Amino acid sequence: MIEGHAAIDCDIHPSVPGLKALLPYMEPHWAETLVQRGMHELDSISYPNRGPLTARVDWQPESGKPATTLEQVLSQLLDPFGIDTAICNCLYGVQLPFSEDMAAAYARAVNDWIIKEWLDKDERLRASIIVPIQGAEVAVEEIERCAGDKRFVQILLLVAGETMLGRRHHWSIYETAQKHGLPVGIHAGSSYRHPSTPVGWSSYVSEDYVNQAITFQSQLASLISEGVFKKFPELKFVMLESGVTWLPSFIWRFKKYWRGLTMEIPWVDRPPEEIIHEQVRFSLQPFDAPEDEATTAKVLDHLGSDDLILFSTDYPHWQFDGQDVLPKGLPNELIRKILVDNPRATYPRLSAA
Ligand code: ZN
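Since we're looking at a predicted model, the values are computed, not measured.

**Observations concerning the pattern of salt bridges**
- One pass over the structure, following the stated rule, counts 18 salt bridges.
- Across the pair Arg151 and Asp149 runs a salt bridge, and its minimum N-O distance is 2.9 Å.
- Note on Arg151: relative accessible area 24%, which makes it partly exposed.
- The salt bridge involving Arg270 is made with Glu278; its shortest N-O contact spans 3.1 Å.
- The structure contains a network of salt bridges with shared partners spanning Lys116, Asp120, Asp149 and Arg151.

**Looking at the coordination of the zinc ion**
- Taken together, Asp11 (OD), His13 (NE2), His187 (NE2), Glu241 (OE) and Asp314 (OD) make up the protein donors of the zinc ion, found 2.1 to 2.2 Å from the metal.
- Counting gaps between the donor residues of the zinc ion yields the pattern D-x1-H-x173-H-x53-E-x72-D. Placement of the pair is His13 in the loop between strand E1 (8-12) and helix H1 (19-22) and Glu241 in the loop between strand E6 (237-240) and helix H9 (247-260), with a sequence separation of 228 residues. Neither His13 nor Glu241 differs from the other in exposure class; each is buried.

**So, the environment of Val238**
- Secondary-structure assignment places Val238 in strand E6.
- Through-space distance from the C-alpha of Val238 to that of Arg281 is 4.6 Å; in sequence the pair is 43 residues apart.
- Look past the residues within four positions of Val238 in its chain and what remains in contact with it is Gln154, Pro183, Val184, Gly185, Ile186, Arg281, Leu310, Thr346 and Tyr347.

**A short note on the pairing of strand E2 (residues 85-88)**
- Here E2 shows a buried face lined by Thr85 and Ile87 and a second buried face lined by Ala86 and Cys88.
- Pairing analysis gives three bridges linking E1 to E2, with the strands arranged parallel. In the strand pairing of E2, Ile8 is matched with Thr85.
- As defined by bridge partners, E2 adjoins strand E3 (residues 125-130) across three bridges and the pair is classed as parallel. If you follow Ala86 over to E3, its bridge partner there is Leu125.

**Some remarks on the sheet that holds strand E8 (residues 309-310)**
- Strands sit in the order E1-E2-E3-E4-E5-E6-E7-E8 across an open sheet of eight strands; the sheet is parallel. Two strands close off the open sheet at either side, each with one partner strand: E1 and E8.
- Two strands pair when backbone bridges link them, and E3 and strand E4 (residues 152-160) are joined in this way by four bridges, in the parallel orientation. Each bridged residue has a counterpart across the sheet, and for Ile130 the counterpart in E4 is Leu156.
- Against the sheet, helix H3 (residues 70-81) makes contact with E1, E2 and E3, and its axis sits at roughly 130° relative to E1, the strand it touches most.

**Section: the environment of Arg126**
- Along the chain, the position of Arg126 falls in strand E3.
- With 105 residues separating them in the primary sequence, Arg126 and Ala21 have C-alpha atoms 20 Å apart.

**Thoughts on the packing of aromatic side chains**
- Applying the stated criterion across every chain yields a total of 13 aromatic pairs.
- Geometrically, the ring pair formed by Tyr92 and Tyr106 is tilted, given 5.8 Å between the ring centres and 55° between the ring planes. Of this pair, Tyr92 sits in the loop between E2 and helix H4 (100-119) while Tyr106 sits in helix H4, and the two are 14 residues apart along the sequence. Of the two residues examined, Tyr92 and Tyr106, each falls in the buried class.

**Let's talk about helix H11 (residues 293-303)**
- Those residues of H11 that sit buried are Thr296, Val299, Leu300 and Leu303. What you see down the axis of H11 is that its buried residues fit within an arc of 95°, all on one side. Among the exposed residues of H11, those pointing more than 90 degrees away from its buried face are Ala294, Lys298 and Asp301.
- Among the structural elements, H9, helix H10 (272-279), E8 and helix H12 (332-346) are those in contact with the buried residues of H11.
- Of the residues trailing H11, Gly304 is marked for its positive phi of about 85°.

Definitions and limits used
- The residue numbering used here restarts from 1 in each chain and proceeds along that chain's sequence as written.
- Reporting of local features is limited, given that this is a predicted model, to residues whose pLDDT is at least 70; pairs of side-chain atoms are given and counted only at 80 or more, and all residues count toward the totals for whole chains, interfaces and linings.
- Here the side-chain values reflect all heavy atoms present in the structure, with hydrogen atoms and water set aside.
- One side-chain nitrogen of Lys or Arg within 4 Å of one carboxyl oxygen of Asp or Glu is enough to make a salt bridge.
- The buried label goes to any residue with under 20% of its type's maximum accessible area, the exposed label to any with over 50%, and the partly exposed label to all in between, with areas taken from a 1.4 Å probe on protein chains only.
- In this analysis a donor is any N, O or S atom within 2.8 Å of a metal ion (3.2 Å for sodium, potassium and calcium), and since water is not included, sites may seem incomplete.
- Here a helix means four or more residues in a row that DSSP labels H or I, a strand means two or more in a row labelled E, and each is numbered from the N terminus.
- In what follows, a contact means two residues having at least one pair of non-hydrogen atoms within 4.5 Å.
- Only strands joined by at least two bridges in the DSSP assignment are considered to pair.
- In this description, a line fitted to the C-alpha atoms serves as the axis of each element, helices being fitted only across the stretch in contact, and the angle between N-to-C directions of two axes falls anywhere from 0 to 180 degrees.
- Here is the rule: rings of Phe, Tyr and Trp (six-membered ring for Trp) pair when centre to centre is within 6.5 Å. Planes less than 30 degrees apart are stacked, more than 60 are edge-to-face, and the remainder are tilted.
- Think of the arc as the fan of directions from the helix axis to the C-beta atoms.

Right, dumping it as structure tokens:
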């Protein structure tokens, strides 16, 4: 299906097998203290490692966590799908500790692990810089430490952290990202400082997963309203695993109230959809439209631009079966844009590396 294109997969998830794998990349103090504290379960706090959404059934190994070895990623994803380039977004629990120093130590270890165990071993792989969002100062330090390696093409945040992403205390992170030509990827997930709903904790993973879309909308409203896009006009934000079908109604609603309330946020000096069309992108999977082609075409039409969607498999998560990674009935021109042109336009370092 994606043959004939140099497809760029913008969201794959190599997995840290466990704390032991990171210890060689830790400073001695942290290697010792993390073992003493029993932090080896950090990587399985949020979603169960072998749960149905965490890994597609046929991509689960007989034992251990999925997507922990290069061989798995090659044989299950890159080779059978004919993927030319894949961006590794490692969802380890770096954003969970309350200590900024510990989070920074984890981030350094994960980023160095990604370089040595993945990027150095296959030239098709790129990665996002994992950022200790707990503190802007340590986050900027980590971006500066890694940015010289052009195989890092993005910085990675979770959609739900301690505070709204538009707030000023995050702006030095965005300034550093823009300076280095690194888009800001915002992935589904939480540091669990707050419930995934505005009215308290939900009981089930199903609710939590559905509710991620609400959090994406809240963060997008924050980034627009606080003036982040005006302040950083060269910066792109990529919503990863956000879904896209909520976007048209979000735009319609935001535009209506923006018109009536422009005196409150005068720095938002153009309609929200213009800002989104220029500076926000969305990964393809999980594609949350119904399966019939006519509805898919309507949804894509309502997005108002062919530039927004970036190809992703979300490997090894179970977002589709078999090879059916693209929605049915897409025109060839749009397929090419999703697979190649849009990712290249979003990630300048893909062309530079
Ligand atoms: Zn993902």
